[in-house]
Amino acid sequence: MNFVKRLLTGIFIVAITVFALAKGGMFIFIMGLFLSTFAIYELEQALEKMHSKGNFVIALIYNFIFNLLMYKAKFDFAVITLSIFVLFEMFLFTFKDISIKSSLVDSFSILYITVSFSLMYLLKDNIIIWLVFICAWGTDTFAYIFGMLFGKTKLTSISSKKTAEGSIGGILGSILLAILFSKITGHESLLALIIVTGFGSVVSQVGDICASKIKREAGIKDYSNVLMGHGGILDRYDSVLFVIPYFALVTLIFKL
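Residues numbered from 1 in each chain as written. Predicted model: local features only at pLDDT ≥ 70, side-chain atom pairs only at ≥ 80, totals over all residues. Heavy atoms only, no water.

A. Summary view of the overall build of the protein chain. Counting its secondary structure elements, the protein chain contains nine helices and zero strands. Across the 256 residues in the protein chain, those meeting the buried criterion constitute 47%. Per element, the accessible surface of the protein chain, about 13,400 Å² overall, is 71% carbon and sulfur. For the protein chain, the distance from the average site of its 21 positive side-chain charges to the average site of its 16 negative ones is 5 Å. (Helix = DSSP H or I, 4+ residues; strand = E, 2+ residues; numbered from the N terminus. Buried < 20%, exposed > 50% of the residue type's maximum accessible area, 1.4 Å probe, protein only. Areas by Shrake-Rupley, 256 points an atom, 1.4 Å probe, with all protein chains shown as cover. Lys, Arg positive; Asp, Glu negative; His and termini not counted. Charge placed at Lys NZ, Arg CZ, Asp CG, Glu CD.)

B. Structural context of the nonpolar core. Counting 63 residues, the largest nonpolar core has Ile 113, Phe 133, Tyr 237 and Phe 247 as the members making the most contacts within it. Look past the residues within four positions of Phe 133 in its chain and what remains in contact with it is Thr 17, Leu 21, Met 31, Met 120, Gly 138, Tyr 237 and Val 240. (Core = buried A, V, L, I, M, F, W, Y, C linked by side-chain atoms within 4.5 Å. Contact = heavy atoms within 4.5 Å.)

C. Spatial organisation of the packing of aromatic side chains. Inspection of every chain in the model, using the stated rule, returns 18 aromatic pairs. Ring centres of Phe 146 and Phe 150 lie 5.7 Å apart, and the angle between their planes is 55°; this geometry places the pair in the tilted category. One end of the pair is Phe 146 and the other is Phe 150, both in helix α6 (residues 129-150) and four residues apart, which spans about a single turn. Accessibility expressed as a relative area gives 26% for Phe 146, which makes it partly exposed. Put simply, the rings of Phe 34, Phe 38, Tyr 41 and Phe 56 touch in pairs and so form one group of aromatic residues. (Phe/Tyr/Trp six-rings, centres within 6.5 Å; stacked < 30°, edge-to-face > 60°.)

D. Layout of the pattern of salt bridges. Applying the stated criterion to the full structure yields five salt bridges. One salt bridge connects Asp 208 with Lys 162, and the closest N-O pair in it is separated by 3.5 Å. Separated by 46 residues along the polypeptide, Asp 208 in helix α8 (residues 190-218) and Lys 162 in the loop between α6 and α7 (164-185) bring together distant segments of the chain. You can call Asp 208 buried: its relative accessible area is 16%. Residues Asp 222 and Lys 221 are paired through a salt bridge, measuring 3.8 Å at the closest nitrogen-oxygen approach. Taking relative accessible area as the criterion, Asp 222 reaches 32% and is therefore assigned partly exposed. The exposure class of Lys 221 is exposed, given its relative accessible area of 69%. (Salt bridge = Lys/Arg side-chain N within 4 Å of Asp/Glu carboxyl O.)

E. Here's a closer look at the side chain of Ser 239. On the secondary structure map, Ser 239 appears in helix α9 (residues 233-254). A distance of 3.3 Å separates polar atoms of two side chains, one belonging to Ser 239 and the other to Asp 140. Setting aside chain neighbours within four positions, we find Ser 239 in contact with Ala 136, Asp 140, Ser 204, Gly 207 and Asp 208. (Polar contact = N/O pair within 3.5 Å; in protein donor to acceptor, adjacent residues only side chain to side chain.)

F. The arrangement of the packing of α7 against α8 in detail. Orientation of α7 relative to α8, taken along the N-to-C sense of each, is 145°, at an axis distance of 8 Å. Helix-helix and strand crossings are classified by hand; for α7 and α8 the assignment is right-handed. Counted together, Ser 167, Gly 170, Ile 171, Ser 174, Ile 175, Ala 178, Ile 179, Phe 181 and Ser 182 of α7 and Leu 190, Leu 193, Ile 194, Thr 197, Gly 198, Ser 201, Val 202 and Gln 205 of α8 form the full contact between these two elements. In the contact of α7 with α8, the residues fall into nine nonpolar, eight polar and no charged. (Axes fitted to C-alpha atoms, helices over the stretch in contact; angles between N-to-C directions. Left-handed = near helix turned anticlockwise from the far one by under 90°. Nonpolar A, V, L, I, M, F, W, Y, C, P; charged D, E, K, R; others polar.)

G. Up close: α6. Taking 1.5 Å per residue, 22 residues should reach 32 Å; α6 reaches 31 Å between its end C-alpha atoms and fits that length. Among the residues of α6, those classed as buried are Ile 129, Leu 131, Val 132, Phe 133, Cys 135, Ala 136, Trp 137, Gly 138, Thr 139, Asp 140 and Gly 147. (Expected span 1.5 Å × (residues − 1).)

H. Molecular detail of the environment of Thr 9. Inspection of the secondary structure puts Thr 9 in helix α1 (residues 2-23). Linking Thr 9 and Leu 131, residues 122 residues apart in sequence, is a C-alpha distance of 21 Å. When neighbours within four sequence positions are excluded, Thr 9 is seen to be in contact with Leu 227, Met 228 and His 230.

I. View of the environment of Leu 190. Tracing the chain through its elements places Leu 190 in helix α8. Taking C-alpha positions, Leu 190 is 22 Å from Asp 140, a pair spaced 50 residues apart along the chain. If we skip the residues at most four places from it in the chain, Leu 190 touches Ile 179 and Ser 182.

J. A nonpolar patch on the surface, seen in detail. A grouping of Phe 75, Leu 122, Leu 249, Leu 252, Ile 253 and Phe 254 is seen on the molecular surface, where their side chains present a nonpolar patch of about 600 Å² in accessible area. The element contributing the most residues to the nonpolar patch is α9, with four residues. With respect to the element layout, Phe 75 can be found in helix α4 (residues 75-95). The class for Phe 75 is partly exposed, based on a relative accessible area of 37%. (Patch = residues over 30% accessible without salt bridge, like charges linked within 9 Å, V, L, I, M, F, W, Y side chains within 5 Å.)

Below you can see the structure in the form of structure tokens.
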């Protein structure tokens, strides 16, 4: 029964993502805004368990502002408002009776989640945006399969289920998907896609481990249960958060 729930939820997540990417424009903005909003809520709930309580309302308001500015390509305004937001958090720390840890929770949430998700808008008119999710979720899927079949060597003490064999399988699987992506889309830079996706798979796994460490520090199994069988938004999109800025950067540098 749990497998069926997980499968159906997985299909739903993929279907919604494919729909938003295919439609583009405002649909990507709506997806990015929803994911970042819910992910901030989940992260701040986890950080609160570490006795670091932020102000979700403030983070929520700024999350909307930054997403909108980035979607509208108002990058100068986005950077300026980001600086103002961080300084405002420091202002609250200075004149309110709160700890420095608590005052930095919102800033961390915005930098970790809002900024990363909003960089997706830089790719909204580029076919490479599909490769972001193909790389992240392809890595997760193949790492899980290879780990189940061949996993023996522990990869990290942070997550006991992750193995070196699974990690290698995730990299190889993501490269295979990149080759299929190139064949289907007719993308000319096959070698570049293979190299970029291979490194992207490593970045994806770092993102997964990072989110796992936060959960471990907070003493929780999942960030929430909003996605049946998959936990929360952060449980499903933790690797995507790292892969988006990675692909945004390499796309700007190498003009993919």
